[in-house]
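Here is what each chain is made of, one letter per residue.
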Amino acid sequence: MTISRSLVALVSATVLAGCGSTQALKPGPGTPLPVAPYGAAATPGINDLLTPSVQARPRRTGEVLTRSQDRQSDEFDLPPR
């Protein structure tokens, strides 16, 4: 019984793994893009909707740690009571 359940789980995982689409996303035929957001001058295009904003995916800073430094002692860093 456990062999058949594990076989079913393996087959279903394999089938689900092949469901990913590699084509570009497009609205369905006869389906328009969403309406323009409140206050926007124009309806955003497909690329505008799929590109994450800076708040959603912030960029990395160019600051790199070039040398290690010892921490200064902190007189307020006390052990718990």
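Right above here is the structure, for reference.
Bear in mind that the values here come from a model prediction, so they are computed numbers and not experimental data.

Undergrad: Which residues make up the overall build of the protein chain, and what values do they have?
TA: When you go through the protein chain residue by residue, the secondary structure sums to two helices and zero strands. The buried share of the protein chain, taken over its 81 residues, is 0%.

Undergrad: Account for the environment of P27, with residues named and values stated.
TA: Within the secondary structure, P27 sits in the loop between α1 (2-17) and α2 (46-50). Residue classification places P27 among the partly exposed residues on the basis of a relative accessible area of 37%. Residues P27 and I46, 19 residues apart in the sequence, show an inter-C-alpha distance of 8.7 Å. When residues no more than four places from it in sequence are discounted, the contact partners of P27 are L33 and I46.

Undergrad: Give a description of a nonpolar patch on the surface that names residues and reports values.
TA: Judged by side-chain polarity, L25, L33, I46, L49 and L50 come together as a nonpolar surface patch covering roughly 440 Å² of accessible area. Position of I46 relative to the elements: it lies in helix α2.

Calculation notes
Residues numbered from 1 in each chain as written. Predicted model: local features only at pLDDT ≥ 70, side-chain atom pairs only at ≥ 80, totals over all residues. Heavy atoms only, no water. Helix = DSSP H or I, 4+ residues; strand = E, 2+ residues; numbered from the N terminus. Buried < 20%, exposed > 50% of the residue type's maximum accessible area, 1.4 Å probe, protein only. Contact = heavy atoms within 4.5 Å. Patch = residues over 30% accessible without salt bridge, like charges linked within 9 Å, V, L, I, M, F, W, Y side chains within 5 Å. Areas by Shrake-Rupley, 256 points an atom, 1.4 Å probe, with all protein chains shown as cover. Salt bridge = Lys/Arg side-chain N within 4 Å of Asp/Glu carboxyl O.

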